[in-house]
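Examining the three-dimensional arrangement
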Amino acid sequence: MEEGIYMYHPIRDNPLHTVIALTMIGIGLFLMVSDHYFTWPPVVAEIANDDAVGMMYVVIGVVMAIWVLDPKRSVRMDHIILTVATFAMATLSFYQFLHSMVMGSGMPWISNAALTIVIMIIARRSDSV
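These remarks concern the structure in this document.

Cut-offs and rules
- Residues numbered from 1 in each chain as written.
- Predicted model: local features only at pLDDT ≥ 70, side-chain atom pairs only at ≥ 80, totals over all residues.
- Heavy atoms only, no water.
- Helix = DSSP H or I, 4+ residues; strand = E, 2+ residues; numbered from the N terminus.
- Buried < 20%, exposed > 50% of the residue type's maximum accessible area, 1.4 Å probe, protein only.
- Contact = heavy atoms within 4.5 Å.
- Areas by Shrake-Rupley, 256 points an atom, 1.4 Å probe, with all protein chains shown as cover.
- Axes fitted to C-alpha atoms, helices over the stretch in contact; angles between N-to-C directions.
- Left-handed = near helix turned anticlockwise from the far one by under 90°.
- Nonpolar A, V, L, I, M, F, W, Y, C, P; charged D, E, K, R; others polar.
- Expected span 1.5 Å × (residues − 1).
- Parallel < 35°, antiparallel > 145°, perpendicular 65-115°, else oblique.

Some thoughts on the overall build of the chain
A count of helical and extended segments in the chain gives 7 helices and 0 strands. Reading the chain from its N end, one meets helices and strands in the order α-α-α-α-α-α-α. Counting only C-alpha atoms, the chain reaches 50 × 30 × 20 Å along its principal axes. Every one of the 129 residues in the chain was classed for burial, and the buried ones make up 35%. Taking the intrachain contacts of the chain between residues at least 6 apart in sequence as the baseline, contacts between residues at least 24 apart amount to 68%. Total accessible area on the chain stands at roughly 8200 Å², and carbon and sulfur atoms take up 72% of it.

Below, the structure is given as structure tokens:
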């Protein structure tokens, strides 16, 4: 039973990474389920509504979760994951912002932009050595 307790130490040591990983997975699953989430512009919306886009967010979240649970966490891998997550979230936030401005529909671009900034702060503060 004592061995099971130690599994939570990486999560306790990296709570923000854990939350970001779960959020990325949730966003990815939402995008995969919502086949008509984006409607503008029609050519881009067709690509953005593809399940592959949602799967990309799921994969980023899963890779980050694996990094959290890995006892030999690589700082270099952390930087790579955080960079990819920042790019993915910034792209989503920007597209949602444009979609909101043009279509007038509500999109959670503000919260996604805030998450992007949190990821950037974590990347900035992570060890470089």
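Overview of the packing of helix 3 (residues 15-33) against helix 7 (residues 109-125)
Where helix 3 meets helix 7, the closest approach of the two axes is 11 Å, and the angle between their N-to-C directions is 145°. The two elements helix 3 and helix 7 cross, and the hand of that crossing is left-handed. Across the interface between the two elements, Leu 16, His 17, Ile 20, Thr 23 and Ile 27 from helix 3 touch Asn 112, Leu 115, Ile 119 and Ile 122 from helix 7. Looking at the contact of helix 3 with helix 7 residue by residue, the classes come out as 6 nonpolar, 3 polar and no charged.

Things to note about helix 5 (residues 51-69)
Compared with an ideal rise of 1.5 Å per residue, which puts 19 residues at 27 Å, helix 5 spans 27 Å between its outermost C-alpha atoms and is within 8% of the ideal. Inspection of helix 5 places Gly 54, Tyr 57, Val 58, Ile 60, Gly 61, Met 64, Trp 67 and Val 68 among the buried residues, and these make up the whole buried set. Close packing links the buried residues of helix 5 with helix 2 (9-13), helix 3 and helix 6 (75-103).

What to know about the packing of helix 3 against helix 6
At a minimum axis distance of 12 Å, the contact between helix 3 and helix 6 shows a crossing angle of 40°. By the angle between their directions, the pair helix 3 and helix 6 is classed as oblique. Crossing of helix 3 over helix 6 shows left-handed handedness. Counting all contacts with helix 3, which are made through His 17, Met 24, Ile 27 and Leu 31, the residues of helix 6 involved are Asp 78, Leu 82, Ala 85, Ala 88, Met 89 and Leu 92.

Structural measurements only, silent on function.
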